[in-house]
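Next come the chains, spelled out residue by residue.
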Amino acid sequence: MTRRNVLDFVQPHWRNLDPYEAAEPPESLAERGGITEDEVVKLNANENPYGPSPKALEALNHSARAHIYPDPAQVAMRRALSRYTDARPEQIVVGNGSDEIIDLVFRATLEPGDVVVNAPPTFGMYDVTANICGGAIVEVERDENFDIDVDGMLAAAEGAKLIVLASPNNPSGNSTPIEDVERLLGADCLVVVDEAYAEFAGRSVLPLVDKHPNLVVLRTMSKWAGLAGLRAGYGVMNEEMAEVLMRGKPPYNVSQVAEAALLASLEDAEILDERARLIVREREQMGGLLAEMQGVEPLSSDANFILCRLPEGRGRAIYDALADRGVSVRYYSRGKLADYLRVSVGTPEQTGRFIEALRAALQQTA
Ligand SMILES: *Cc1c(COP(=O)(O)O)cnc(C)c1O
């Protein structure tokens, strides 16, 4: 009897998946810069430099319920998020990061071969997840200002299952005007709008959810609430769609600890909003400093990071020179982003170290 190779058990579209290109973790950055982890200026993953809120930290230090399974119905979280978002609890699904909501929406809807309309350059998880589902990704490139091509996306959406859009977009930082989102919602498919950075942008398409059953809005506690390491995000959508995802999700998908931190963060919303304002102020500060540097062109951003154009052909070298100085930013080797770096907005002190390192890197690579 001939036996099959182990990889023959794997679905064809799983055999050569491209993994998500994650930012380098602090330990390897420290090793590379020959410094301690505390000395690393980590501006590569849009994390919140102020960390969790006071009440969330308190909850994390006293999480007495680790031995009890979390509530699969997410009653407390949905109620608290309902107050925060003005959506009804039945419209909300909480995930192990908003990445899990992306995964749930895509798996619930996509059969192999179904079309997903994406607007690159954008967040890498949409491609990764569509590929896991065997989806057929149709890319409608953003223009030179990183604005979406609404007509192109609508044309591509004929017969498609999903349109996915980050607003503000990662890595470019610009928001899509609400009128453009409304036009996309006219397509006969599900429209996923990822608002991971909404609290820094001060605008949202959440009010459209009631009017448009085909809209799914994604939010996260990773950026605004400083809980990236805990994994908590949520989707706001049509109630029937929410119910489908609630039935299909793993029952205990959000840990007891993540739940406690999420609830406590929402109680601390005022403090988190104040920190978001600090970050926005720092973003404008850093943008001003970058704009003064020869050959450096920062894009205007609605999020907690800035995409920055560098002198042609020197992206990689400048990225490396920064890393050697213990400053980590995000570099994209591919396509039109090869001459750009994305830098997260940190504390004023981190901005200072970044700007100083960038000056040196520019000189060194000239
Ligand atoms: C950071 C980010 C997220 C957050 O994902 P989580 O899984 O909630 O941590 C989602 N979407 C975009 C565009 C992001 O940049």
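Residues numbered from 1 in each chain as written. Predicted model: local features only at pLDDT ≥ 70, side-chain atom pairs only at ≥ 80, totals over all residues. Heavy atoms only, no water.

Draft legend 1. Examining the domain arrangement of the chain more closely. Splitting the chain by domain gives domain 1 (22-50 + 270-365) and domain 2 (54-267). Using only C-alpha atoms to locate each centre, domain 1 and domain 2 end up separated by 26 Å. Facing the 25 residues of domain 1 at the interface are 25 residues of domain 2. For the pair domain 1 and domain 2, the summed buried surface comes to about 1,900 Å²; carbon and sulfur atoms form 62% of the total. Ranking the residues of domain 1 by area buried against domain 2 places Leu-272, Asp-302 and Lys-336 at the top, with a combined share of 31%. At the boundary of domain 1 with domain 2, the tally comes to 2 salt bridges. Among the secondary structure elements, those contributing two or more residues to the side of domain 1 that touches domain 2 are α11 (269-291), β10 (305-309) and β13 (340-344). Split into classes, the residues belonging to the side of domain 1 that touches domain 2 amount to 13 nonpolar, 5 polar and 7 charged. (Domains from an automatic or database assignment. Contact = heavy atoms within 4.5 Å. Buried area = accessible area lost by both parts, 1.4 Å probe. Salt bridge = Lys/Arg side-chain N within 4 Å of Asp/Glu carboxyl O. Helix = DSSP H or I, 4+ residues; strand = E, 2+ residues; numbered from the N terminus. Nonpolar A, V, L, I, M, F, W, Y, C, P; charged D, E, K, R; others polar.)

Draft legend 2. Seen up close, the sheet that holds β13. With respect to topology, 4 strands assemble into an open sheet ordered β9-β10-β13-β12, the strand pairing being antiparallel. Only two strands of the sheet have a single partner each, and these edge strands are β9 (297-298) and β12 (330-331). Bridge count between β10 and β13: 5 bridges; the pairing is antiparallel. Note on β13: the bridge partner recorded for Phe-305 is Ser-344. (Pairing = 2+ DSSP bridges.)

Draft legend 3. A look at helix α3 (residues 75-85). Within the span of α3, buried status applies to Met-77, Arg-78, Ala-80, Leu-81, Ser-82 and Thr-85. Note on α3: the residue one or two positions beyond its end, Asp-86, has a positive phi of about 70 degrees. (Buried < 20%, exposed > 50% of the residue type's maximum accessible area, 1.4 Å probe, protein only.)

Draft legend 4. Fine view of the site of the ligand. Near the ligand you find 13 residues, and of these Asp-194, Tyr-197, Thr-220, Lys-223 and Arg-231 are the closest. Between the ligand and Tyr-197 there is a distance of 2.6 Å, counted from an oxygen atom to a side-chain nitrogen or oxygen. For the ligand, the protein covers 93% of the area, taking 390 Å² as the surface of the free molecule. Applying the majority rule of atoms within 2 Å of the grid points places the ligand in the second largest pocket. (Near = heavy atom within 4 Å. Polar contact = N/O pair within 3.5 Å; in protein donor to acceptor, adjacent residues only side chain to side chain. Areas by Shrake-Rupley, 256 points an atom, 1.4 Å probe, with all protein chains shown as cover. 1 Å grid on protein atoms, 1.4 Å probe; cavity = no way out; pocket = protein on both sides within 12 Å on 5 of 7 lines; lining within 4 Å. Sits in = over half its atoms within 2 Å of the grid points.)

Draft legend 5. Focus on the environment of Ala-119. Within the secondary structure, Ala-119 sits in the loop between β3 (115-118) and α5 (125-132). It is 27 Å that separates the C-alpha atoms of Ala-119 and Ala-276, two residues lying 157 residues apart in sequence. Ignoring any residue separated from it by four or fewer positions in sequence, one finds Ala-119 in contact with Val-140, Arg-142, Ile-148, Met-153 and Val-164.

Draft legend 6. Representation of the pattern of salt bridges within the structure. Inspection of every chain in the model, using the stated rule, returns 19 salt bridges. Between Arg-32 and Asp-320 there is a salt bridge, with its nearest N and O atoms 2.6 Å apart. Separated by 288 residues along the polypeptide, Arg-32 in helix α1 (residues 26-33) and Asp-320 in helix α12 (residues 315-324) bring together distant segments of the chain. A relative accessible area of 33% means that Arg-32 is categorised as partly exposed. Ionic pairing is found between Arg-283 and Glu-284, a salt bridge with its closest N-O pair at 2.8 Å. Arg-283 gets classed as buried once you look at its relative accessible area, which sits at 8%. The partly exposed category is assigned to Glu-284, whose relative accessible area is 47%.

Draft legend 7. Geometry of the state of the cysteines. Inspection of the entire model under this criterion finds 0 disulfides. In this structure Cys-133 is a free cysteine whose sulfur lies 16 Å from that of Cys-189, the closest cysteine sulfur available. Look at Cys-189 and you get buried, because its relative accessible area is 6%. (Disulfide = S-S within 2.5 Å.)

Draft legend 8. Representation of a nonpolar patch on the surface within the structure. A surface patch of nonpolar side chains, about 330 Å² in accessible area, is lined by Val-6, Leu-7 and Phe-9. Mapping Phe-9 onto the fold places it in the segment before α1. (Patch = residues over 30% accessible without salt bridge, like charges linked within 9 Å, V, L, I, M, F, W, Y side chains within 5 Å.)

Draft legend 9. Spotlight on the packing of aromatic side chains. All chains considered together, the criterion is met by 7 aromatic pairs. Measuring from centroid to centroid gives 4.3 Å for Tyr-69 and Tyr-252, while their planes differ by 20 degrees, and the two rings are stacked. Placement of the pair is Tyr-69 in the loop between α2 (54-61) and α3 and Tyr-252 in the loop between α9 (239-248) and α10 (256-267), with a sequence separation of 183 residues. We classify Tyr-69 as exposed; its relative accessible area is 62%. Consider the rings of Phe-123 and Tyr-126, whose centres lie 5.4 Å apart with planes at 75 degrees: the pair is edge-to-face. In this pair, the class of Phe-123 matches that of Tyr-126, namely buried. An aromatic cluster of at least three residues, connected via ring pairs, comprises Tyr-20, Phe-123 and Tyr-126. Over the aromatic face of Phe-146 sits the side chain of Lys-336, whose NZ or CZ is 5.4 Å from the ring centroid. Over the aromatic face of Phe-305 sits the side chain of Arg-342, whose NZ or CZ is 5.6 Å from the ring centroid. (Phe/Tyr/Trp six-rings, centres within 6.5 Å; stacked < 30°, edge-to-face > 60°. Lys NZ or Arg CZ within 6 Å of the ring centre and 35° of its normal.)

Draft legend 10. Structural context of the sheet that holds β3. If you trace the 7 strands from one edge of the open sheet to the other, you get β2-β8-β7-β6-β5-β3-β4, paired in mixed fashion. Because the sheet does not close on itself, it has two edges, and the strands there are β2 (92-95) and β4 (136-139). Across the sheet, the mean angle separating the axes of adjacent strands is 20 degrees when strand polarity is ignored. Direction of pairing for β2 relative to strand β8 (residues 233-237): antiparallel, over a ladder of 4 bridges. The residue bridging Ile-92 from the neighbouring strand is Val-236, located in β8. Sheet strands touched by α5: β3, β4, β5 (162-166) and β6 (190-194). Its angle to β4, the strand with the most contacts, is close to 150 degrees. (Axes fitted to C-alpha atoms, helices over the stretch in contact; angles between N-to-C directions.)

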